[in-house]
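The chain contents come next:
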Amino acid sequence: MGFTEVFVSTHDEALKRAAALDGGAPAAPAAVRIADITDFEIERLGDLAGTAVHAAGADYELAMVDVASDSLLGVPPAMVRALAELLSYETEGEGDVLEDVAEGWAAEEDMPFGAEQAVRYVRRLAELAAAVDPASKSGLYVWTA
């Protein structure tokens, strides 16, 4: 199995990055690269994050962004918001929501990492989501091998 890379970019730069990844490019410094998962696991994370921030039922399905690349998917705005909210979402006495989401994600069937690693991944993905700036026309993208 390959890997999945998640990154913030404009549409045009995302297509260039996808072409580079298709050609075997190394991980980008600001990207999150996770081995042995697919876009499905990223969608599951979106569902878990949405439920945690009380936004269940929104559209958390990744979508193809351009016919030029079938390995590049866009993260819908609802998932970007839910992930970003994990960094600051407050609950009354329920503990750290981000850690709870990460633990739930790690417990999903066939996940190649445990809860401790999942917390690091989810925190980095939430930070990427928080960095998305609609004013600069950036978005969150997922490339999967």
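You'll find the structure just up there.
Residues numbered from 1 in each chain as written. Predicted model: local features only at pLDDT ≥ 70, side-chain atom pairs only at ≥ 80, totals over all residues. Heavy atoms only, no water.

### Quick notes on the packing of helix α4 (residues 97-106) against helix α5 (residues 115-131)
Part 1 of the reasoning: As a packed pair, α4 and α5 sit with axes 8 Å apart at the nearest point and diverge in direction by 120°. By the angle between their axes, α4 is oblique relative to α5. The chirality of how α4 crosses α5 is right-handed. Touching Leu98, Glu99, Ala102, Glu103, Trp105 and Ala106 of α4 are Ala115, Ala118, Val119, Tyr121, Val122, Arg123, Leu125 and Ala126, all from α5.
Part 2 of the reasoning: Counted by class, the contact of α4 with α5 contains eleven nonpolar, no polar and three charged residues. (Axes fitted to C-alpha atoms, helices over the stretch in contact; angles between N-to-C directions. Helix = DSSP H or I, 4+ residues; strand = E, 2+ residues; numbered from the N terminus. Parallel < 35°, antiparallel > 145°, perpendicular 65-115°, else oblique. Left-handed = near helix turned anticlockwise from the far one by under 90°. Contact = heavy atoms within 4.5 Å. Nonpolar A, V, L, I, M, F, W, Y, C, P; charged D, E, K, R; others polar.)

### A short note on the side chain of Thr144
Part 1 of the reasoning: By the secondary structure assignment, Thr144 is in strand β5 (residues 138-144).
Part 2 of the reasoning: Taking the relative accessible area as the measure of exposure, Thr144 reaches 13% and is therefore buried.
Part 3 of the reasoning: Not counting residues within four places of it along the chain, the set of residues in contact with Thr144 comprises Phe3, Thr4, Ile37, Thr38, Asp39 and Ser71. (Buried < 20%, exposed > 50% of the residue type's maximum accessible area, 1.4 Å probe, protein only.)

### Observations regarding the pairing of strand β3 (residues 63-66)
Part 1 of the reasoning: Relative to strand β4 (residues 69-74), β3 runs antiparallel, the two being bridged by three bridges. Paired with Asp66 across the two strands is Ser69, which belongs to β4.
Part 2 of the reasoning: Connecting β3 to the next strand, β4, in antiparallel fashion are two residues. (Pairing = 2+ DSSP bridges.)

### Describing the packing of helix α2 (residues 39-52) against helix α3 (residues 77-85)
Part 1 of the reasoning: At their nearest, the axes of α2 and α3 sit 9 Å apart, and the two run at 65° to each other. Crossing handedness for the pair α2 and α3: left-handed. In this structure, α2 uses Ile42, Glu43, Leu45, Gly46, Ala49 and Gly50 to contact α3, whose residues at the interface are Met79, Ala82 and Leu83.
Part 2 of the reasoning: Class assignment for the residues of the contact of α2 with α3 results in six nonpolar, two polar and one charged.

### Concerning the packing of aromatic side chains
Each pair of aromatic rings is reported with the distance of its centres and the angle of its planes.
Part 1 of the reasoning: The final tally for this structure, using the stated rule, is four aromatic pairs.
Part 2 of the reasoning: Ring centres 5.2 Å apart and planes at 40° place the aromatic pair Phe3 and Trp143 in the tilted group. One end of the pair, Phe3, is in strand β1 (residues 3-10); the other, Trp143, is in strand β5, with 140 residues separating them in the sequence.
Part 3 of the reasoning: We classify Phe3 as buried; its relative accessible area is 19%.
Part 4 of the reasoning: Grouped by ring-pair contacts, the aromatic residues Trp105, Phe113 and Tyr121 constitute a single cluster.
Part 5 of the reasoning: Geometry around Phe3 places Arg33 over its ring, the cationic atom sitting 3.9 Å from the centre. (Phe/Tyr/Trp six-rings, centres within 6.5 Å; stacked < 30°, edge-to-face > 60°. Lys NZ or Arg CZ within 6 Å of the ring centre and 35° of its normal.)

### Digging into α5
Part 1 of the reasoning: If you check α5, its first and last C-alpha atoms are 24 Å apart, about what 17 residues at 1.5 Å a residue would give, namely 24 Å.
Part 2 of the reasoning: Along α5, the residues that are buried comprise Ala118, Val119, Tyr121, Val122, Leu125, Ala126, Leu128 and Ala129. (Expected span 1.5 Å × (residues − 1).)

### Some points on unusual backbone geometry
Most of the time, phi is negative for any residue but glycine, and the peptide bond is trans.
Part 1 of the reasoning: A positive phi is found at His54, a non-glycine position, where the angle reads about 60°.
Part 2 of the reasoning: Mapped onto the fold, His54 is located in the loop between α2 and β3.
Part 3 of the reasoning: For Lys137, which is not a glycine, the phi torsion comes out positive at approximately 60°.
Part 4 of the reasoning: Mapped onto the secondary structure, Lys137 falls in the loop between α5 and β5.

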